[in-house]
Amino acid sequence: MRHTLKSVYKARYLYLFLLIPFAFIALFIFYPFFRGFQISLLDWSGGNRTEFVGFDNYRELFWNEPLLGRAVRNILILAVAGILQAVGISFLMAWVIHHIRSAKSKYVMRIFVIVPSLIPAIVGYLLWKKFYEPEGLVNRLLGLVGLDFLQQAWLGDVSVVVTAIVFAGFPWLNGANTLIYLAGFLQIPKEMYEAAKIDGATSWRTLWHLEIPMLAGQTRILLLLSLISLLQNYDNVFLLTRGGPMDASVVPGILLYKNAFLFGRYGYASAIGVSLFAFIFILSLLSMRLSKESGEKVS
Amino acid sequence: MLRLRRGSVNLLVCMALLSGLLTGCFGSSNETNEVKNSASPTTAASNESGTKRSLSGELRVVTFMEDEWGDQMRAAIADYNAAQPEVKIELESMPYANYAEALKAQMIGGISADLMLAEPAMVSAFEGADGILALDDYLNQPNPYSDSGKAWKDDFISPFLDTSRNAAGQAKLVPWSLVWVGMFYNKDAYAKAGIETPPVTWNEFLTASEKLKNAGYLPFYTAIKNNDAQTWWMFQTMLNAMFRVKTEQINLRHADGWTYKFDDPDSTNGETYTVDELYVAFKKGLIDPAKSPEYRKAVELILQMKPYFNDNLLTADGSELLSKFISQNAVQKYDGTFSFPSTDSELAKLKDEGKADRVFQWDVVNFPTITTENYEGLTAGGLNPLSGLRNGWVISQKSDNRELALDFLQFLTSPGEVNKLYELKRASKDNSLQPDASAIAGVTYPAEAKKVDAALRYAEMPIYGFGLPPVFDTGKDFEEFHSQWQGLWSEALTIDEFLQKRSASNLAALERNLKQFQDQVDQAFIDSHLK
């Protein structure tokens, strides 16, 4: 104990400087979480009257919320698709750029990939809302290529609305992720490529046995960050459909928003938020464990 | 690493449980607001007694109607400052989109403005946040800025103050302007389709729509979404007409000697449905969608419109209505007096752009009424013109400047000042247009203003809010209605399924209202009628 206190005293200025960021973290991250949990145990409509109801809000959420199953199913679909887009497409783009021989073309491609990231996502979703209109770009393109039978009310049909949300944002270029992978590719020693060439490895085998394992660290990080972000995401659904038609595209974030800001049920909305946090936390732990195990297998 | 993770999880769980335990010990509360002004409402009201006092301080006022009332509000503030030079008024404008949510969040945070413009539908959301002041005590006193000598409440056109009362019968919204909603129609398209006069009855309306369709026009463009009110206006006015015969059965607590006379619109003045009366009526099956034959009939009638609507009901958007009407993609629309200026200005723009061949004549009439041909139980008259209170003023419950806010509001709603503001409106806008009428009695409008037939023909006590679908709150019931309405129109729900779901949603909303207004609910009354 004395030794600990001595070492703390020795590094006192370090701890003093760390106090400020920790205070911010405590105020803006930990406090809202605990306050949210506290409110989730109350029946509160925003006014002066609050009533402690224990876990009634959670009970209502898990036993009586008719939209919970659909919301979880939808968010898992969107998350899986989003991960494939955010991680898979980025990896592919980085691989293509890395293997371009011309330095100038490499540079141009990097700019080409970054520019879409500069456009706010909201602008993209609003454009896609227009594209999906019955006489919008999507249906017109389908008509042009002779696929009239596929034309439909993309955001108005309960059977295709989630698919439409998945495809919004095509070609799903993620500039930041691509650059992270590109940096990873640049770190692969040239000698390993040469050794693979000498051994007679094809491009496919080089990709599968050399490049993918060497980029496992980046993949793990991007996978985890994408998962956390996608599971709580609802801005695309909100802008495109607001959870409709007939709640077909509802996700947990929309449920939370509606219960808080439209229905005035802050306690119940907080219960949704806490449950969502727990869900994301568990999935993140699982994801980290699985990716760690597969990383150990590879090494 | 795994031990550390497990440790973190344990720590988080412990802290959460501790937080929950503390919430359990201290979580419930039923705080009453401190009266921040020194006087209680009753004392303050009796202090008013129709006499002006010299006041000082700062007041924040917020509206969402900068285009329609911005200049007039600034003029009113200048006039008020002539009477109260020590008062500083800050006028803010917020966009309409998400106005109610933003104000409610401000109310919860205790940072809302003192005086706020609001629509009747927003009031229940603000009440959930205990955000607005009940004004009955003040309304019963004379307005010191009015020459009428009557109580403040009598300066308003009846029944608009009564229709704005909340489920507990309290007046929290001071009426400001009215709106009339009617059927706009393209006169040129009517002529080409061989329709000589606009339809007056529902059957004539269906016939006219069929003629328009045969002539190659789309009779109506609508979006089954919460930003297009056309279908729910049609639905609600039908329900109001059909439920009128049950008025005495629903309004069980009324003034002594009161009786309902359907053909005397003034016979319901001063009467209002309270939440416990509506709950009793619902439980008896009078207004329960699943049990009421009138409700089913209204659904069946309105679905008769489907062949005359656009195919993309679920993907269309309410923001397209004006453009569809102007471009003659649709030749009828159900809209309000607030769209007179935009309709005319869009047509004027076409003319300026050299597209005079696309300009057309338009007019507007009351929406065609159902008759006993459509429903033989319609024995208390057909549809009333859809006119009512468009907006009003609310005062923040947490305002430190209640006295100031009340004083300015009394000044603003004095007949003399309102007349001045409407004269300003006339001077700045096209003289041929009728702006929204005032809810204050005695306002004179220019002779050249567009006349609308807004007077109520039948006595009516609205069960649902004005301008809303048939719902009992603007939160969950409102959202569920839209989802169920989409299901009905897309045929994902049968009529029976729709009625069952509506019934469940309505009942849940009424029960939430009973809880929200528990202090005003008469449980003995409910028990005595439902045993």
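Residues numbered from 1 in each chain as written. Chains lettered and ligands numbered in written order. Predicted model: local features only at pLDDT ≥ 70, side-chain atom pairs only at ≥ 80, totals over all residues.

## Remarks on the overall build of chain B
Then, number 1: Each helix and strand counted, chain B has 20 helices and 8 strands in total.
Then, number 2: Residue burial in chain B is summarised as follows: out of 531 residues, 46% are buried.
Then, number 3: Sequence-distant contacts, at least 24 apart, represent 77% of the contacts inside chain B between residues at least 6 apart. (Helix = DSSP H or I, 4+ residues; strand = E, 2+ residues; numbered from the N terminus. Buried ≥ 20, exposed ≤ 12 C-beta atoms within 10 Å, placed from the backbone. Contact = placed C-beta atoms within 7 Å.)

## Comments concerning the overall build of chain A
Then, number 1: Scanning chain A from terminus to terminus reveals 15 helices and 2 strands.
Then, number 2: Radius of gyration (C-alpha) of chain A: 24 Å, far over the 19 Å computed for a compact globule of 299 residues.
Then, number 3: When its C-alpha atoms are laid out on the principal axes, chain A stretches across 75 × 75 × 35 Å.
Then, number 4: The buried share of chain A, reckoned over its 299 residues, is 32%.
Then, number 5: Here the contacts in chain A between residues at least 6 apart in sequence split such that 70% fall between residues at least 24 apart. (Rg over C-alpha atoms; globule rule 2.2 N^0.38 Å.)

## Structural notes on the domain arrangement of chain B
All names here are of chain B.
Then, number 1: Parsing chain B into structural domains produces domain 1 (41–172 + 388–428) and domain 2 (180–385 + 455–529).
Then, number 2: The distance between the C-alpha centroids of domain 1 and domain 2 comes to 29 Å.
Then, number 3: Listed as interface residues are 15 residues of domain 1 and, on the opposing side, 18 residues of domain 2.
Then, number 4: Contributing elements (two or more residues each) for the side of domain 1 that touches domain 2: helix H5 (120–128), helix H7 (160–163) and strand S8 (386–395). (Domains from an automatic or database assignment.)

## So, the environment of Phe34 of chain A
Then, number 1: Along the chain, the position of Phe34 of chain A falls in helix H2 (residues 12–40).
Then, number 2: With 19 C-beta atoms counted inside 10 Å, the residue Phe34 of chain A sits in the partly exposed group.

## Quick look at the environment of Ala193 of chain B
Then, number 1: Following the sequence through the fold, Ala193 of chain B ends up in the loop between helix H8 (187–192) and helix H9 (202–214).
Then, number 2: Put simply, Ala193 of chain B and Ala439 of chain B are 246 residues apart on the chain and 39 Å apart in space, counted from C-alpha to C-alpha.

## Structural notes on the nonpolar core
Then, number 1: Residues Leu115, Met116, Phe126, Met238, Val394 and Phe408 of chain B are the most contacted members of the largest nonpolar core, which totals 176 residues.
Then, number 2: Here this core spans two domains, since at least three of its residues come from each of domain 1 (41–172 + 388–428) and domain 2 (180–385 + 455–529) of chain B.
Then, number 3: Those residues in contact with Met116 of chain B, other than ones at most four positions away along the chain, are Val62, Leu103, Trp393, Val394 and Ser396 of chain B.
Then, number 4: Membership of the second largest hydrophobic core comes to 11 residues, among which are Phe91, Met93, Ile97 and Val113 of chain A. (Core = buried A, V, L, I, M, F, W, Y, C linked by C-beta atoms within 7 Å.)

## Some points on the packing of helix H4 (residues 68–98) of chain A against helix H9 (residues 175–187) of chain A
All names here are of chain A.
Then, number 1: Taken N-terminus to C-terminus, the directions of H4 and H9 make an angle of 50 degrees; their axes are 8 Å apart at the nearest point. Compared by their axis directions, H4 and H9 come out oblique. Pair H4 / H9 crosses with right-handed handedness. Within the contact between the two elements, H4 uses Ala86, Val87, Ser90, Phe91, Met93, Ala94, Ile97 and His98 and H9 uses Asn177, Thr178, Tyr181, Leu182 and Phe185.
Then, number 2: Residue composition of the contact of H4 with H9, by class: 9 nonpolar, 4 polar and no charged. (Axes fitted to C-alpha atoms, helices over the stretch in contact; angles between N-to-C directions. Parallel < 35°, antiparallel > 145°, perpendicular 65-115°, else oblique. Left-handed = near helix turned anticlockwise from the far one by under 90°. Nonpolar A, V, L, I, M, F, W, Y, C, P; charged D, E, K, R; others polar.)

## Regarding the pairing of strand S2 (residues 57–63) of chain B
All names here are of chain B.
Then, number 1: Relative to strand S3 (residues 87–93), S2 is paired through 7 bridges, and the arrangement is parallel. Its bridge partner lying in S3, Thr63 is registered against Ser93.
Then, number 2: Between the parallel elements S2 and S3, the chain passes through helix H3 (residues 66–83) in a crossover that is right-handed.
Then, number 3: With 2 bridges joining them, S2 and strand S4 (residues 115–118) adopt parallel strand pairing. Bridging across to S4, Val62 finds its partner in Met116. (Pairing = 2+ DSSP bridges. Right-handed = clockwise from strand over helix to strand, strands pointing away.)

## Some thoughts on the packing of helix H13 (residues 293–303) of chain B against helix H19 (residues 495–516) of chain B
In a pair of packed helices, the angle between the axes and the distance between the axes together describe the arrangement.
All names here are of chain B.
Then, number 1: Across the interface, H13 lies against H19 with an axial gap of 11 Å and an inter-helix angle of 130 degrees. Comparing their axes, H19 and H13 come out oblique. Every pair of crossing elements has a handedness; the one defined by H13 and H19 is right-handed. Across from Tyr295, Arg296, Val299 and Glu300 in H13, the residues of H19 making contact are Ile495, Phe498 and Leu499.
Then, number 2: Looking at the contact of H13 with H19 residue by residue, the class counts come to 5 nonpolar, no polar and 2 charged.

## Focus on H5 of chain B
Residue and element names in this part refer to chain B.
Then, number 1: Most of H5 sits out of view: 8 of its 9 residues are buried.
Then, number 2: Within the span of H5, buried status applies to Pro120, Met122, Val123, Ser124, Ala125, Phe126, Glu127 and Gly128.
Then, number 3: Buried-residue contacts for H5 involve helix H4 (99–109), S4, S8 and H19.
Then, number 4: A positive phi of about 50 degrees marks Asp130, the residue just after H5.

## Overview of the confidence of the model for chain A
Then, number 1: Looking at chain A, the pLDDT average stands at 89 and 98% of residues meet or exceed 70.
Then, number 2: Looking over chain A, one finds the lowest element-wise mean pLDDT in helix H1 (residues 2–10) of chain A, namely 83, and the highest in helix H3 (residues 56–64) of chain A, namely 95. (pLDDT = per-residue confidence, 0-100.)

## Some details on unusual backbone geometry
Residue and element names in this part refer to chain A.
Then, number 1: A cis amide bond, omega -5 degrees, links Gly244 with the succeeding residue Pro245.
Then, number 2: Inspection of the secondary structure assignment puts Pro245 in the loop between helix H13 (235–240) and helix H14 (252–262).
Then, number 3: At Arg242, a position not held by glycine, the phi torsion is positive, near 55 degrees.
Then, number 4: Here Arg242 is to be found in the loop between H13 and H14.

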